[in-house]
Amino acid sequence: MSAHVVATAGHVDHGKSTLVRALTGMEPDRWAEERRRGLTIDLGYAWTTLPSGRDVAFVDVPGHERFLGNMLAGLGPAPVVCFVVAVDEGWQAQSGDHRDAVAALGIERGVVVLTRADRAPGRTGAVLAQVRAELAGTGLHDAPAVTVSALEGTGLAELRTALDDVLARAPAPAAGRLRLWVDRSFTITGSGTVVTGTLTAGTLRQGDRLQLLGHDGPRPVVVRGLHSRNEPHTSLDPFTRVAVNLRGMSASDVRRGDALTTPNAWPVTDVLDVRRGTGPALTDTAEHLVVHAGTAAVPARLSPFDDDHARLVLDRPLPLVLGDRVVLRDPGSRSVLGGAQVLDADPPALRRRGDRARRAARLAGLDARGDVLVEVARRGAVPAQHLHRLGLLPAGDTAPPADVRVLGDWWVHAPVLDSWTRRLRTAVDELHSRDPLAAGLSRGAARDLLALPDAVLVDPVVRGAGLEQDGGHIRSPQHRGGLGPHEAAVLELERRLGAEPFRSPEADDLAALRLGARELAAAERTGRLLRLGDGVVLLPTAPALAMRELSRLPQPFTTSQARQSLGTTRRVAIPLLEHLDARGWTRRVDAGHRTVVR
């Protein structure tokens, strides 16, 4: 099930709650004190069905300046707003605060509602002109306007139609990963902990295993049940007002500003690089601020790069991505300073002289929608999953830019990959030249040399460099291993074995030729020798020659018969026969007999 969410906005006592009550037949004020004072203090909720059959839920926000934080918590997750101005009073101080909040959040869809028309019918035109002038710099500059009297019921039908038209043009909600900013938490007897909020992204299902990103860090939770509009549901889509019954969490552990998210699908960050959207130059803005995002209000430190770009360091991490809007507020003030848009939820550390100036230039030239190539180039290599998490890749988008290479799950900047392959080829060639007997460069040494972020990148880099691997070592295919000063000794050994193929040299013979384990291993890698167990060294042709002789024996044959046929010793015969067994050329019949496999 999906629905639409509309938040109210406007000066205190301009009839927002009365309007919602008239549209829905429900009382949005939840607290007895609110109803006694006729003043909305916290967020209120009500819902109805529009003439089209479209369901809509209202989040009624307080208008008084003392409750600005509550107002921002209600307005933050809402995609559509009813901006309310009373005809008998016109534009007022908190009208300006709410306008600034709408502008800071980048809200572009809504309806202007002129209320209490019955009190001053002759002022409607002048008030509307004033409202249009005040909203000229916001996304509501050309929003439809409807004049109503909630008490008399006039204009309500026109307002419902206008809301229907606006909601019909609203873009489809984001699919994929889920994010629900919590605005209330409470306990219901028999059910346990319930949290509510406006679902802005993803589909919420009964039984989902989610992550609660709270004031005390992330915690796993399970969705026990779902309600919307006081009705149970098995799944809910955005944009919907939802109540979520959670298993494994007490209500006291959940606060406004926490968020329910798909596990490991969102960056949880306390450092953001942002671009100013509204408000004064960031260089003229106080260092210590309160940042409002979703329903959260978090103290933060502002460090400007220039008038339009800055770094925000939050007191606690939030699940924010590229494009998210945040509201900036002076903690000592009851008004909105301005708004900013997140450009990077995973910005680089600034450690060296000149880093800040370079970062300012980079941010100034950055597309607000993000640039995958720029981000991959900055990092050199980055997992595609991380790009999706940061909001740089839409769900399902796997096509890289021209200068990005895909190596498994990693996206690598082409110049970086070229550098890796060049450096690896150079290192391997230098090793071969310096030490012809070396097996090659180990995989671990290659990863350390190139500072690869993941061992899985070694294989594709080796292939890209035109190198080959054997036994955990990387070498050039052109290098078959020079033996240098040991070449003559290996030639002499080849001559001896050529004359007597199964007479493996004794340890003393190898020592006299100065052929140790390292030299013999190098000769074996080049295909010159074959080493078997117990120090037996033969030519690579020895197994085939042995099979020719063994095939002539009566089958099955004994080890003694094989030794005599080959004209060798038991020291050589046993490892040679085991080698033939392993290759499947011979097969044991019993403890003392083998047969040739034909």
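Just so it is clear, the model here is predicted, and its values are computed rather than measured.

Turning our eyes to something else, we now look at the overall build of the chain. Looking only at helices and strands, the chain features 18 helices and 32 strands. For the chain, the C-alpha radius of gyration of 38 Å lies well beyond 25 Å, the compact-globule estimate for 598 residues. In terms of principal-axis extent, the alpha carbons of the chain reach across some 120 × 55 × 40 Å. Taken over 598 residues, the chain has a buried fraction of 49%. Residue pairs at least 24 apart in sequence account for 66% of intrachain contacts in the chain once pairs closer than 6 positions are excluded. Side-chain charges of the chain comprise 75 positive and 70 negative groups, with the mean position of each set lying 5 Å from the other.

Turning our attention to the packing of helix α1 (residues 16–24) against helix α6 (residues 156–168). In helix packing, the relevant descriptors are the interaxial angle and the interaxial distance, both defined with respect to the helix axes. Closest axis-to-axis distance for the α1/α6 pair is 11 Å, and the angle between their directions is 85°. Of the possible angle classes, the one that applies to α1 and α6 is roughly perpendicular. On the side of α1, the interface is formed by Leu 19, Ala 22 and Leu 23, while α6 contributes Leu 156, Leu 159 and Arg 160. Grouping the amino acids of the contact of α1 with α6 by side-chain chemistry returns 5 nonpolar, no polar and 1 charged.

Looking now at the sheet that holds strand β22 (residues 381–383). Reading across the sheet, the 3 strands line up as β22-β24-β23 and stay open at both edges, with antiparallel pairing between neighbours. With partners counted over all chains shown, the strands left at the sheet margins are β22 and β23 (404–407), one partner each. Pairwise comparison of adjacent strand axes, ignoring direction, gives a mean angle of 25° for this sheet. Across the sheet, helix α8 (residues 372–379) touches β22, β23 and β24 (410–413), and the angle it forms with β24 is around 80°. Here helix α10 (residues 414–434) sits on the sheet and contacts β22, β23 and β24; the angle it forms with β24, its principal contact strand, is near 85°.

With 33 residues, the main nonpolar core has Leu 312, Leu 314 and Trp 411 as its most contacted residues. Those elements that place two or more of their residues in this core are β16 (268–278), β17 (288–293), β18 (296–304), β19 (309–319), β20 (325–329), β21 (336–344), α8 and α9 (384–389). With 30 residues, the next largest nonpolar core counts Val 536, Leu 539, Val 572 and Leu 580 among its residues.

Of note, Asp 355 is situated in helix α7 (residues 355–364). A distance of 2.9 Å separates a polar side-chain atom of Asp 355 from the backbone nitrogen of Arg 351.

Taking strand neighbours across the sheet as the criterion, the 3 strands line up as β30-β32-β31 in an open arrangement whose pairing is antiparallel. Edge positions in the sheet fall to β30 (557–558) and β31 (586–590), since each has one partner strand and no second. Bridging between β30 and strand β32 (residues 593–596) involves 2 bridges; their strand directions are antiparallel. If you follow Thr 558 over to β32, its bridge partner there is His 593.

Attention shifts here to the environment of Ala 368. Tracing the sequence through the fold places Ala 368 in the loop between α7 and α8. As for Ala 368 and Leu 510, which are separated by 142 residues in sequence, their C-alpha atoms are 71 Å apart. Excluding residues within four positions of it along the chain, Ala 368 makes contact with Arg 275, Leu 322, Gln 341 and Leu 343.

Turning our eyes to something else, we now look at α7. Buried within α7 we find Asp 355, Arg 359, Ala 360 and Leu 363. Take α7 and look down its axis: the buried residues cluster within an arc of 135°, on one side only. For α7, the exposed residues lying more than 90 degrees away from the buried face are Ala 357 and Ala 361.

Here we take up the environment of Ala 310. Considering the arrangement of structural elements, one finds Ala 310 in strand β19. For Ala 310, a relative accessible area of 0% gives the class buried. Separated by 38 residues in the primary sequence, Ala 310 and Leu 272 have C-alpha atoms spaced 8.3 Å apart. The contacts of Ala 310, once residues within four sequence positions are left out, are Leu 272, Asp 273, Val 274, Leu 282, Leu 302, Ser 303, Pro 304 and Phe 305.

Remark: α10 packs on helix α11 (residues 443–450), axes separated minimally by 10 Å, with the N-to-C direction vectors making an angle of 130°. When the axes of α10 and α11 are compared, the pair comes out oblique. The two elements α10 and α11 meet at a crossing, and its hand is right-handed. Contact residues: Trp 420, Arg 423, Leu 424 and Ala 427 in α10; Ala 446, Leu 449 and Leu 450 in α11. Taken together, the residues that form the contact of α10 with α11 break down as 6 nonpolar, no polar and 1 charged.

Looking now at the pairing of strand β2 (residues 44–49). Inspection of the sheet shows β2 paired to strand β3 (residues 55–60) by 6 bridges, in the antiparallel sense. Directly across from Ala 46, in β3, lies its bridge partner Phe 58. Connecting the antiparallel pair β2 and β3 is a turn made up of 5 residues, with Gly 53 showing a positive phi of about 95°.

Here we come to the environment of Arg 119. Its place among the elements puts Arg 119 in the loop between β5 (109–115) and α5 (124–134). Under the relative-accessibility criterion, Arg 119 is labelled exposed at 52%. Once the C-alpha coordinates of Arg 119 and Ala 86 are considered, the two residues, 33 residues apart in sequence, prove to be 9.2 Å apart. Only 3.4 Å separates the side chain of Arg 119 from the side chain of Asp 88, close enough to count as a polar contact.

Attention shifts here to the pattern of salt bridges. Counted under the stated rule, the structure contains 29 salt bridges. Put simply, Asp 355 and Arg 358 hold a salt bridge, and the shortest N to O gap is 2.8 Å. One end of the pair, Asp 355, and the other, Arg 358, are both in helix α7, 3 residues apart, so they sit about a helical turn from each other. On the basis of relative accessibility, which here comes to 11%, the residue Asp 355 falls in the buried class.

The linkage connecting Gln 555 with the following residue, Pro 556, adopts the cis geometry, with an omega of -5°. When you line up the elements, Pro 556 lands in the loop between α16 (542–550) and β30. Within the chain, Asn 230 stands out as a residue other than glycine whose phi angle is a positive 65°. Note on placement: Asn 230 falls in the loop between β11 (217–228) and β12 (231–233). Note on Asn 230: relative accessible area 67%, which makes it exposed. A positive phi angle, close to 60°, is found at Asn 264, a residue other than glycine. In this structure, Asn 264 sits in the loop between β15 (259–261) and β16. Classification of Asn 264 as exposed rests on a relative accessible area of 54%.

Calculation criteria
Residues numbered from 1 in each chain as written. Predicted model: local features only at pLDDT ≥ 70, side-chain atom pairs only at ≥ 80, totals over all residues. Heavy atoms only, no water. Helix = DSSP H or I, 4+ residues; strand = E, 2+ residues; numbered from the N terminus. Rg over C-alpha atoms; globule rule 2.2 N^0.38 Å. Buried < 20%, exposed > 50% of the residue type's maximum accessible area, 1.4 Å probe, protein only. Contact = heavy atoms within 4.5 Å. Lys, Arg positive; Asp, Glu negative; His and termini not counted. Charge placed at Lys NZ, Arg CZ, Asp CG, Glu CD. Axes fitted to C-alpha atoms, helices over the stretch in contact; angles between N-to-C directions. Parallel < 35°, antiparallel > 145°, perpendicular 65-115°, else oblique. Nonpolar A, V, L, I, M, F, W, Y, C, P; charged D, E, K, R; others polar. Pairing = 2+ DSSP bridges. Core = buried A, V, L, I, M, F, W, Y, C linked by side-chain atoms within 4.5 Å. Polar contact = N/O pair within 3.5 Å; in protein donor to acceptor, adjacent residues only side chain to side chain. Arc of directions from axis to C-beta. Left-handed = near helix turned anticlockwise from the far one by under 90°. Salt bridge = Lys/Arg side-chain N within 4 Å of Asp/Glu carboxyl O.

Scope: geometric values only; no functional claims are made or implied.
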